[in-house]
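Letter by letter, the chains look like this.
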Amino acid sequence: MKTQYYTATSLDGFIADDRNSLDWLFQFGEMEGGSYGNFLREVGAIVMGSTTYEWILAHHINEDAEKPQKWMYEQPTWVFSYRNLPTIEGADIRFVKGDVQPVHQEMVAAAGDKNIWIVGGGDLVGQFYDRGLLDEIIVTVASVTLGSGAPLLPRKIITPPLKLLSATTYGDSFVELCYQVRDR
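Residues numbered from 1 in each chain as written. Predicted model: local features only at pLDDT ≥ 70, side-chain atom pairs only at ≥ 80, totals over all residues. Heavy atoms only, no water.

## Some thoughts on the sheet that holds strand S9 (residues 163–170)
On the basis of which strands lie adjacent, the open sheet formed by 8 strands has the order S5-S4-S3-S6-S1-S7-S10-S9 and mixed pairing. Each end of this open sheet is capped by a strand with a single partner; those strands are strand S5 (93–96) and S9. Recorded for the sheet is a direction-independent mean angle of 20 degrees between the axes of neighbouring strands. Where strand S3 (residues 43–49) lies against strand S4 (residues 77–80), 4 bridges are found, and the strand directions are parallel. (Pairing = 2+ DSSP bridges. Helix = DSSP H or I, 4+ residues; strand = E, 2+ residues; numbered from the N terminus. Axes fitted to C-alpha atoms, helices over the stretch in contact; angles between N-to-C directions.)

Pasting the structure below:
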């Protein structure tokens, strides 16, 4: 069982632009041969921050107000927020706040022998890293630069450095990098 940050980023290290948009990524359409399907099959619990959750609400669940979509994950999901956020009928979503460590313990129990996926954002991932709870970073780098926006991981990770486990290219626009977070 691993706690993994799986995401996409621009070449200059942003997961969303300065308007919190992912249009830069969606311009590519579906990535052929990507690892997402296999990755998701191994996930037993999901965690995200409130900005990510609200983005999913606005751009997936409630994009068409007349036909709201269902929650796209079967796994139990924890959302870190200090605010009250709307719920989604039929979804196993748990709103939490505070220290990530006790919540991580709940997620480990719920995930069983499967992995925990930290969807985002970067600061939440940093909190898991700070507590020694992050095992892997799997990042797909797209062939664009944004100049500013939401950073991939707003932390210094210098000593020990991450260990590169694999690098896989997809088409002429993406490379997926998988890094192990070494024990500190």
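## With respect to the environment of Asp17
Examined against the element boundaries, Asp17 turns out to sit in the loop between strand S2 (14–16) and helix H1 (23–26). Sequence spacing of Asp17 and Asp99 is 82 residues, and the spatial spacing of their C-alpha atoms is 27 Å. Not counting the four nearest positions on each side in its chain, Asp17 is found in contact with Trp24, Leu146, Ser148, Gly149 and Ala150. Separated by 2.8 Å, the side chain of Asp17 and the backbone nitrogen of Arg19 make a polar contact. (Contact = heavy atoms within 4.5 Å. Polar contact = N/O pair within 3.5 Å; in protein donor to acceptor, adjacent residues only side chain to side chain.)

## Section: the layout of surface pockets
If you roll a probe as big as a water molecule over the atoms, it shows you where there is empty space left. Approximately 1500 Å³ is the volume found for the largest pocket. Surrounding the largest pocket, 47 residues form its lining, Thr7, Leu22, Leu25, Trp117 and Val119 being those nearest its centre. Counting only elements with at least two residues in the lining of the largest pocket, the list comes to strand S1 (3–10), S2, H1, helix H2 (36–41), helix H3 (50–61), strand S6 (115–120), helix H5 (122–130) and strand S8 (150–151). A per-element tally of the lining of the largest pocket places H3 first, with 7 residues. (1 Å grid on protein atoms, 1.4 Å probe; cavity = no way out; pocket = protein on both sides within 12 Å on 5 of 7 lines; lining within 4 Å. Points joined across faces, edges and corners; volume = space filled by probe spheres on them.)

## Considering the packing of aromatic side chains
One pass over the structure, following the stated rule, counts 11 aromatic pairs. Arranged with centres 5.9 Å apart and planes meeting at 40 degrees, the rings of Phe26 and Trp55 form a pair that is tilted. Highlighted residues: Phe26 in helix H1 and Trp55 in helix H3, separated in sequence by 29 residues. By relative accessible area, which is 49% here, Phe26 ends up partly exposed. Residue class for Trp55 comes out buried when judged on its relative accessible area of 17%. Here Tyr73 and Trp117 contribute two aromatic rings whose centre-to-centre distance is 5.7 Å and whose plane-to-plane angle is 90 degrees, an arrangement assigned as edge-to-face. Here Tyr73, found in the loop between H3 and S4, pairs with Trp117, found in strand S6; they are 44 residues apart in sequence, far enough to count as distant. Look at Trp117 and you get buried, because its relative accessible area is 4%. (Phe/Tyr/Trp six-rings, centres within 6.5 Å; stacked < 30°, edge-to-face > 60°. Buried < 20%, exposed > 50% of the residue type's maximum accessible area, 1.4 Å probe, protein only.)

## Here's the deal with the packing of helix H4 (residues 100–111) against H5
In the contact formed by H4 and H5, the axes pass within 10 Å of each other and the chain directions differ by 90 degrees. Compared by their axis directions, H4 and H5 come out roughly perpendicular. Two secondary-structure elements touch here, H4 through Val100, His104 and Met107 and H5 through Leu124, Gln127 and Phe128. Residues that form the contact of H4 with H5 fall into these classes: 4 nonpolar, 2 polar and no charged. (Parallel < 35°, antiparallel > 145°, perpendicular 65-115°, else oblique. Nonpolar A, V, L, I, M, F, W, Y, C, P; charged D, E, K, R; others polar.)

## Considering the environment of Leu11
With respect to the helices and strands, the residue Leu11 is situated in the loop between S1 and S2. Judged by its relative accessible area of 60%, Leu11 falls in the exposed class. When the C-alpha atoms of Leu11 and Pro68 are compared, they prove to be 33 Å apart, with 57 residues separating the residues in sequence. Excluding residues within four positions of it along the chain, Leu11 makes contact with Val141, Ala142, Val144 and Thr145.

## Here we look at H3
Within H3 the residues assigned to the buried category are Ser50, Thr52, Tyr53, Trp55, Ile56, Leu57 and Ile61. Its buried side turned inward, H3 meets H1, S3, S4, S5 and S6.

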